Amino acid sequence: MALSKAEVEQIAHLARLQLSDADIDDVTNRVSDILKLIDQMQSVDTDDVEPLAHPHDAVQRLRADEVTETNNRDALQELAPESQDGLYLVPKVIE
Amino acid sequence: MEWETVIGLEVHVQLSTQSKLFSGSATRFGAEPNTQANIFDLALPGTLPVLNKDAVKMAVRFGLAIDAEIGRRSVFDRKNYFYPDLPKGYQVSQLDFPTVGKGELTFTMDDGTEKTVGITRAHMEEDAGKSLHEDFQGMTGIDLNRAGTPLLEIVSEPDLRSAKEAVAYLKKLHSIIRYLDISDAIMAQGSMRCDANVSIRPKGETEFGTRTEIKNINSFRFVERAINYEVQRQQDVIEDGGRIVQETRLYDADRDETRSMRSKEVANDYRYFPEPDLLPIVIDEDFIEAIRADLPELPDEKKQRFMAEFKLGEYDAGVLVSSRELAEYFEAVVKISGDAKLASNWVTGELQALLNKNNWEVSESPVQAERLGTLIARIKDETISGKIAKTVFEAMLDSEAGVDEIIEEKGLKQVTDTGAIESLVDDVIDNNPEQVQQFKEGKEQVLGYLVGQAMKLSQGKANPGQVNQLLREKMK
């Protein structure tokens, strides 16, 4: 399966990646190659195979419902570019 | 044209665990911003999720209560979207293998009809944080305390046919969740949230029309209003020759209308895939049976028991079991008073009226079960009449005093002293010669009037049975 340039632009947008026009053709070809490999894998008959949710054949361990974290706000907010009144500040997200 | 409304609800409830779904941060409501948001909740690189066992238990508990299939092997998936209140860039949810599968819920409408609605699934997922858009010099403030709080999303089939049905379904769901004690389920605080998928179609049509999804409905009353508004809007659009666009709309309670959420992205593309940081959850028979053994008596069972044990009518029993707290209050009143019928009348009557008027929860009632039970016991042992009991009930609103104390203090004790009643009756006979004559001529109804006069004279304190008897004797 080959991808169109528009599809690659859409995928890049969803992943918040900025591609220059020069890069788009190259990326389109390379992603199309990956999809070709997937096409090849799709041709294998997997009717009797259970879908795999995780490569490890193991089961999720559960933890007791206990509060183990304490308030580290001051230390954590030093990592943030901007904060105010205990809130993390980000560029405005609604118009 | 006659239209049929089709509604399906998606209800999110915050599970009342102490800690978050995948981290050991606290989930307390109303904490200072970001004091319950730690490295995992902030999505710092290298942090990994560890699943909370109680959240799984609560989901299974709900599943068993609605007779649902329990996913023996459930899988978490990543639902990808970028929004700053979700710092990982994806929400961990469940797509193909939810913990709770198909079930059903039966509820009763106000007119007594029963309806059963299919529940498609109930899956676990993490809540997002909160964005605050004001007062930050053009920036958005983010509070991640809520991020990672465990949610159970309960998805119904499109089986609901009116806004009233949607509300009745939601109330029953709310009641079950509270009985199970798996969530506070307070809509005003957001611990229970409801999105409604609404469409209309010509009556008799089997295909569904195009639906819209209404978000931001935060009370039972608004659920009804938002759906009714949206149904009318869709009818107007179609009858004017237009078409319904599949979209998300926000309910604005102040204007009582739904508004399209302008969105630049054409359609959401969540690109779900299995969460590689979590293994499948395997639930075995022992785990399920331990939870089943621990299930409380649920509203439907309790209603049947109340009808059988206390000889209550279906309607009254239904009202009493509508909330676990009310049902427990009622049973406490029965125990103290020894009279289920009177207890039911007082709890569904005076008490409910009091709670509704003040918008109180049962637990906030100044008249506690202990005092109401004693009050009813005093009616039964004829210390006071039913009418005077209402005066005592009123007095309890302003006083912490015991029932007997209030009766004593206000001099409300019923007069059973024959001498005192006799003099009352004599007065009444002397003052109403005309009615007495009518009674003697066989007009029985007049007796009620005369008893009333005597009761009035005694300020409600005379024993009506005795008054009745004495009047008859003296007018022979």
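Computed from a prediction, not measured in an experiment: that's the story for all the values here.

Conventions and cut-offs
Every chain begins its residue count from 1, and numbering advances along the sequence as written. Ligands are numbered from 1 and chains lettered from A, in the order in which they are written. Local features are withheld for residues below a pLDDT of 70 in this predicted model, meaning they are given only at 70 or higher, and side-chain atom pairs are given and counted only at 80 or more; totals for whole chains, interfaces and linings count all residues. Side-chain numbers come from the whole structure's heavy atoms, not from hydrogens or water. A simple rule labels every residue: compare its accessible area, found with a 1.4 Å probe on the protein chains alone, to the largest value its type can have, and call it buried under 20%, exposed over 50%, or partly exposed in between. Helix numbering and strand numbering both begin at the N terminus, where a helix is a DSSP run of H or I of at least 4 residues and a strand a DSSP run of E of at least 2. The directions considered for the arc are those from the helix axis to the C-beta atoms. Should any heavy atoms of two residues lie within 4.5 Å, those residues are counted as being in contact. Multiplying 1.5 Å by the residue count of a helix minus one yields the expected span of that helix. The salt bridge criterion pairs a side-chain nitrogen of Lys or Arg with a carboxyl oxygen of Asp or Glu, the two atoms within 4 Å. Throughout, the edges of the domains are those of an automatic or database domain assignment. Simply put, the buried area is the total loss of 1.4 Å probe accessible area from both parts when two parts are fitted together. As used in this structure description, the phrase polar contact means that two N or O atoms lie within 3.5 Å; if the pair is within protein, one of them must be able to donate a hydrogen and the other to accept it, and residues adjacent in sequence are counted only when both atoms belong to side chains. Two strands pair if DSSP finds at least two bridges between them.

**Comments concerning helix α6 (residues 314-321) of chain B**
Residues and elements named next belong to chain B.
Here comes step 1: Along α6, the residues that are buried comprise Asp-316, Ala-317, Leu-320 and Val-321. Looking straight down α6, one finds that the buried residues subtend no more than 125 degrees of arc, so they occupy a single side.
Here comes step 2: Close packing links the buried residues of α6 with α2 (163-180), α5 (299-310), α7 (324-337) and α8 (340-358).

**A word on α5(B)**
All names here are of chain B.
Here comes step 1: Relative to the 16 Å expected for twelve residues at 1.5 Å per residue, α5 spans 15 Å between its end C-alpha atoms, a close match to the ideal helical length.
Here comes step 2: Every buried residue of α5 is accounted for by Pro-299, Lys-302, Lys-303, Phe-306 and Phe-310. Along α5, the residues classed as buried sweep out an arc of 105 degrees about the axis, all on the same side.
Here comes step 3: Along its buried surface, α5 packs onto β6 (103-108), α2, α6, α7 and α8.
Here comes step 4: After α5 finishes, the residue Lys-311 shows a positive phi value of roughly 55 degrees.

**A look at the pattern of salt bridges**
Residue and element names in this part refer to chain B.
Here comes step 1: This structure, assessed with the given rule, holds 41 salt bridges over all chains.
Here comes step 2: Across the salt bridge formed by Glu-126 and Lys-88, the nearest N and O atoms sit 2.8 Å from each other. Of this pair, Glu-126 sits in strand β7 (residues 114-126) while Lys-88 is found in the loop between β4 (77-80) and β5 (90-93), placing the two residues 38 residues apart along the sequence.
Here comes step 3: The exposure class assigned to Glu-126 is buried, which follows from its relative accessible area of 3%.
Here comes step 4: Assessed through its relative accessible area of 22%, Lys-88 is described here as partly exposed.
Here comes step 5: Across the pair Arg-378 and Asp-381 runs a salt bridge, and its minimum N-O distance is 3.0 Å.

**So, the domain arrangement of chain B**
All names here are of chain B.
Here comes step 1: Looking at the assigned domains, one finds that chain B contains domain 1 (3-290), domain 2 (297-409) and domain 3 (418-474).
Here comes step 2: On a C-alpha basis, the centres of domain 1 and domain 2 stand 36 Å from each other.
Here comes step 3: The partner domain 2 presents twelve residues to the ten residues of domain 1 that form the contact.
Here comes step 4: It is Lys-172, Arg-178 and Tyr-179 in domain 1 that bury the most area against domain 2; as a group they hold 65% of the surface buried on that side.
Here comes step 5: Across the pair Asp-300 and Lys-172 runs a salt bridge, and its minimum N-O distance is 2.8 Å.
Here comes step 6: Inspection of the region where domain 1 meets domain 2 yields five residue pairs in polar contact (both at pLDDT 80 or more).
Here comes step 7: Mapped by element, the contributors of at least two residues to the side of domain 1 that touches domain 2 are β6 and α2.

**Focus on the sheet that holds strand β3 (residues 87-91) of chain A**
Here comes step 1: An order of β2(A)-β3(A)-β9(B)-β8(B) is seen for the four strands of this open sheet, with the pairing classed as antiparallel. Because the sheet does not close on itself, it has two edges, and the strands there are β2 (83-84) of chain A together with β8 (130-132) of chain B.
Here comes step 2: Summarising the sheet, β2(A) and β3(A) pair through two bridges and their orientation is antiparallel. Paired with Gln84(A) across the bridge in β3(A) is Leu87(A).

**Focus: the interface of chain A and chain B**
Here comes step 1: Taken residue by residue, the interface counts 39 residues in chain A and 54 residues in chain B.
Here comes step 2: Interface area for chain A against chain B, summed over the two sides, is near 4100 Å², with a carbon-plus-sulfur share of 60%.
Here comes step 3: For the pair chain A and chain B, the interface holds zero salt bridges.
Here comes step 4: Across the chain A-chain B interface, the total number found is 20 residue pairs in polar contact (both at pLDDT 80 or more).
Here comes step 5: Put simply, the parts of the chain that give the side of chain A that touches chain B at least two residues each are α1 (5-14), β1 (62-63), α3 (73-77) and β3 of chain A.
Here comes step 6: The leading source of residues in the side of chain A that touches chain B is β3(A), at five residues.

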